[in-house]
Amino acid sequence: MPTNIIVDAHDILGLVDVQPTFMPGGELPVADGDAVVPLINRLLADTFVHAFATQDWHPPGHISFASAHPGKQPFDTIALPYGTQVLWPDHAHQGTANAAIHPEVDLTRVEVVIRKGFHPGIDSYSTFFENDRTTPTGLDGWLRQRNFRRIFLTGLATDFCVAWSAEDAARLGYEVVVIEDACRGIALPTTPGRTTLDDARTRLTGLGVHFIRSDDLRT
Ligand code: VGL
Ligand code: ZN
């Protein structure tokens, strides 16, 4: 995608899981995760009129927690009816300060907040569908009724909730742009020399998702 992308009225900025639980000091820290906050605030102040946000929002004993599976450790994987599930440290506890959107994020232009991951027996990375890839969160209906066509994604983590959101959005027919410097990833090792971040980039590029930097954007 060219630099100098002009942002217009059909464009919306997505803030994916910008929650302290995913930042240094949180339960599932993403390295440098807090660095996205000032950049997102700049995009909200200078570039985008419309925004949505998501919150990972888990009940106690959620199926994605390693602690819910005796003998398992965080970052182990297990097979569940809907596919392979990475097990995580307990995180994003409903109603806690670390599960709130980071208090320094300016929410003025955030028109809807989608919570996900609240069903005890299914994880939900994507902001469109839960991890069975069929249970909707409702965001697609909201975006369609509001006439948004192009979604710019920011937040945490690039290789999980941002990537799965980007993939679903592309499959649903949206134009999808990931603003890379406004995201941070977890980068779990996959095959030798590659991480979940490399794999996500390859998969998404194949689906037509664009990767840009925030200074490629113009109003
Ligand atoms: C996320 C792992 C578990 C994310 C959420 O926001 O990317 N990752 N839950
Ligand atoms: Zn989670």
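Residues numbered from 1 in each chain as written. Chains lettered and ligands numbered in written order. Predicted model: local features only at pLDDT ≥ 70, side-chain atom pairs only at ≥ 80, totals over all residues. Heavy atoms only, no water.

### Describing the environment of Gly 173
Just so we agree on the cut-off: Only DSSP runs of H or I covering at least 4 residues are called helices, and only runs of E covering at least 2 are called strands; the numbering of each starts at the N terminus.
By the element assignment, Gly 173 lies in the loop between helix H3 (158-171) and strand E8 (175-184). Along the primary structure Gly 173 and Arg 150 are separated by 23 residues, whereas in three dimensions their C-alpha atoms are 9.3 Å apart.

### Overview of the coordination of the zinc ion (ligand 2)
Quick note on the threshold: Note that water is not among the atoms considered, so a metal site may appear incomplete; the donors listed are N, O and S atoms within 2.8 Å of the metal, with 3.2 Å applied to Na, K and Ca. A four-donor site is classed as tetrahedral when every donor-metal-donor angle falls between 85 and 135 degrees; four donors are called square planar, and six octahedral, when trans pairs exceed 155 degrees and all remaining angles lie between 65 and 115, with any other arrangement labelled irregular. A 1.4 Å probe rolled over the protein chains alone gives each residue an accessible area, and that area as a share of the maximum for its type sets the label: buried under 20%, exposed over 50%, partly exposed in between.
Coordination of the zinc ion (ligand 2) by the protein involves Asp 56 (OD), His 58 (NE2) and His 91 (NE2), with metal-donor separations of 2.0 to 2.2 Å. Taken together, the 4 donor atoms coordinating the zinc ion (ligand 2) and their angles of 88 to 172 degrees define a geometry best described as irregular. Summarised as a motif, the one-chain spacing of the donors to the zinc ion (ligand 2) is D-x1-H-x32-H. With Asp 56 in strand E3 (residues 51-56) and His 91 in the loop between strand E5 (83-86) and strand E6 (110-116), this residue pair connects regions lying 35 residues apart in the sequence. Just as Asp 56 is buried, His 91 falls in that class too.

### Some remarks on the packing of aromatic side chains
Spelled out, the test is: Ring geometry is summarised as follows: Phe, Tyr and Trp rings, the Trp one being its six-membered ring, pair when their centres sit within 6.5 Å, and such pairs are stacked at plane angles under 30 degrees, edge-to-face over 60 and tilted between the two. In this analysis the charged atom, NZ for Lys or CZ for Arg, is taken to sit over a ring once it is within 6 Å of the ring centre and within 35 degrees of the ring normal.
With the rule as written, the count across this model stands at 8 aromatic pairs. Here the aromatic rings of Trp 142 and Phe 148 are separated by 5.9 Å at their centres, their planes lie at 25 degrees, and the arrangement is stacked. There is no split in this pair, since Trp 142 and Phe 148 are both buried. Site record: aromatic cluster; members linked through ring pairs are Phe 75, Trp 88, Tyr 125, Phe 160 and Trp 164. The aromatic ring of Phe 211 is capped on one face by Arg 201, whose charged end is 4.5 Å from the ring centroid.

### Description of unusual backbone geometry
Among all residues save glycine, negative phi is the norm, and among peptide bonds the norm is trans. Of note, the amide linkage connecting Leu 156 to Ala 157 takes the cis form, showing an omega dihedral of -15 degrees. Mapped onto the elements, Ala 157 comes out in the loop between strand E7 (150-156) and H3. Non-glycine residue Asp 17 carries a positive phi angle of around 50 degrees. Take Asp 17: it is sitting in the loop between strand E2 (11-16) and helix H1 (36-46). In the Ramachandran plot, Ala 92 falls in the positive-phi region, its phi being about 50 degrees despite a non-glycine side chain. Within the secondary structure layout, Ala 92 lies in the loop between E5 and E6.

### Here's the deal with the pattern of salt bridges
Pairing between side chains becomes possible if they bear opposite charge and their charged atoms approach one another. How we decide: A pair is scored as a salt bridge if a Lys or Arg side-chain nitrogen falls within 4 Å of a carboxyl oxygen belonging to Asp or Glu.
Scanning the entire structure with this criterion turns up 13 salt bridges. The salt bridge involving Asp 56 is made with Lys 116; its shortest N-O contact spans 3.1 Å. Separated by 60 residues along the polypeptide, Asp 56 in strand E3 and Lys 116 in strand E6 bring together distant segments of the chain. No difference in accessibility class separates Asp 56 from Lys 116, as the two residues are buried. The partner of Glu 180 in a salt bridge is Arg 201, and the shortest N-O contact between them spans 2.6 Å. Taken as a pair, Glu 180 in strand E8 and Arg 201 in helix H4 (residues 196-206) lie far apart in primary sequence, 21 residues in all. The exposure class assigned to Arg 201 is partly exposed, which follows from its relative accessible area of 37%. Among the charged side chains, a network of salt bridges with common partners joins Arg 133, Glu 167, Asp 168, Arg 171 and Arg 203.

### What about the side chain of His 102?
Convention followed: Only heavy atoms matter for contacts: two residues are in contact if any of them lie within 4.5 Å across the pair.
By secondary structure assignment, the location of His 102 is in the loop between E5 and E6. Setting aside residues up to four positions removed in sequence, His 102 forms contacts with Val 18, Gln 19, Pro 20, Met 23 and Val 37.

### Concerning the sheet that holds E7
Convention followed: In short, DSSP must find at least two bridges between two strands for them to pair. Throughout, an axis means a line fitted to C-alpha atoms (over the contacting stretch in the case of helices), and angles, computed between N-to-C directions, take values from 0 to 180 degrees.
Pairing within the open sheet is parallel, and its 6 strands lie in the order E6-E3-E2-E7-E8-E9. Each edge of the sheet is formed by a strand with only one pairing partner; in this case those strands are E6 and strand E9 (210-212). Looking at each pair of strands side by side, their axes are set apart by 25 degrees on average, direction ignored. As defined by bridge partners, E3 adjoins E6 across 6 bridges and the pair is classed as parallel. Residue pairing for E6: Asp 56 is matched across the bridge by Lys 116.

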